[in-house]
Amino acid sequence: MRMNSKCLNFFVVLGLAACASSGAPAAPEVAAPAEAAPEPAPAPSSALSFTSAQADRGRDVFRSVCTTCHYSEEFNDQIFKRSWRRSSAGDLYDFIATSMPEDAPGSLPPTQYADIIAYFLQMNGFDPGSMELPADADALKALSLAPLGN
Ligand code: HEC
């Protein structure tokens, strides 16, 4: 008798719990905002991107200017990743634009330095997007190179 009523209580509690959970308002059916932004452009302010055309231009500049001293593999190997994963694309841009090519620092137009950064990002597995990387160190500071650590 006692056992039975304990069992009963147990099931009642279970039943209530089940009830409570199934009765909980199904959360995230929040209606999509009626005036959602027109689709493809991903939030331009939050995500800097580069295009694959830009990365291709960067590769061409790299090949004509940088390969007298560097191999492209130097810029996606473990040493490179370790050196830059705590920095931003802006830091890398600053470094390259002010120190490279070593025999003529700062001699390229800013857009070509940005193109080279795009090339490096692509070599390191960053996905190209729909906007070009700006030739603007401050803007590029918003783009963390932390994914290099993956
Ligand atoms: C005349 C030779 C020379 C040329 C040309 C040159 N570099 Fe360098 N670069 C060097 C030297 C030397 C270093 C220093 C190596 C060091 O101290 O780690 C270096 C270092 C670097 C580094 C830092 C290395 C790292 O792993 O963090 C980057 C990035 C870089 N160069 C990019 C470029 C780019 C991009 C170009 C073409 C625009 C270029 N370099 C052209 C000689 C050159």
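Residues numbered from 1 in each chain as written. Predicted model: local features only at pLDDT ≥ 70, side-chain atom pairs only at ≥ 80, totals over all residues. Heavy atoms only, no water.

## Overview of the side chain of glutamine 54
- Within the fold, glutamine 54 resides in helix 2 (residues 52-66).
- The exposure class of glutamine 54 is buried, given its relative accessible area of 1%.
- Those residues in contact with glutamine 54 that lie beyond four places of it in its chain are Ala114, Asp115, Ala118, Glu132 and Leu133. (Helix = DSSP H or I, 4+ residues; strand = E, 2+ residues; numbered from the N terminus. Buried < 20%, exposed > 50% of the residue type's maximum accessible area, 1.4 Å probe, protein only. Contact = heavy atoms within 4.5 Å.)

## Some words on the nonpolar core
- Counting residues in hydrophobic clusters, the biggest one holds 29 residues, and the most contacted among them are Leu92, Tyr93, Ile117, Phe120, Leu121, Leu133 and Leu145.
- Contributing elements (two or more residues each) for this core: helix 2, helix 3 (78-84), helix 4 (89-99), helix 5 (110-123) and helix 6 (137-140).
- Per-element accounting of this core gives the leading share, eight residues, to helix 5.
- Sequence-distant contacts of isoleucine 117, that is, excluding residues within four places in its chain, are made with Ala89, Leu92, Tyr93, Ile96 and Leu133. (Core = buried A, V, L, I, M, F, W, Y, C linked by side-chain atoms within 4.5 Å.)

## Let's talk about the confidence of the model for the protein chain
- Here the protein chain shows a mean pLDDT of 81. Residues at 70 or above account for 69%.
- Between residues 3-25, whose pLDDT stays under 50, and residues either more than four places distant or in other chains, the model counts zero contacts.
- Here residues 41-46 is a poorly scored stretch, pLDDT under 50, and it has two contacts once near neighbours within four places are set aside; other chains count. (pLDDT = per-residue confidence, 0-100.)

## Re the environment of asparagine 150
- For asparagine 150, the position within the fold is in the segment after helix 6.
- Look at asparagine 150 and you get exposed, because its relative accessible area is 83%.
- Here the alpha-carbon distance between asparagine 150 and arginine 85, two residues 65 residues apart in the chain, equals 9.1 Å.

## Regarding the packing of aromatic side chains
- Considering all chains together, one arrives at nine aromatic pairs under this definition.
- Geometrically, the ring pair formed by phenylalanine 75 and phenylalanine 120 is stacked, given 4.5 Å between the ring centres and 10 degrees between the ring planes. Of this pair, phenylalanine 75 sits in the loop between helix 2 and helix 3 while phenylalanine 120 sits in helix 5, placing them 45 residues apart in sequence. For the pair shown, phenylalanine 75 and phenylalanine 120 are each scored as buried.
- When the centroid spacing of 6.0 Å and the interplanar angle of 40 degrees are considered together, the rings of tyrosine 119 and phenylalanine 120 count as tilted. Accessibility classification places tyrosine 119 together with phenylalanine 120 in one group, the buried group. (Phe/Tyr/Trp six-rings, centres within 6.5 Å; stacked < 30°, edge-to-face > 60°.)

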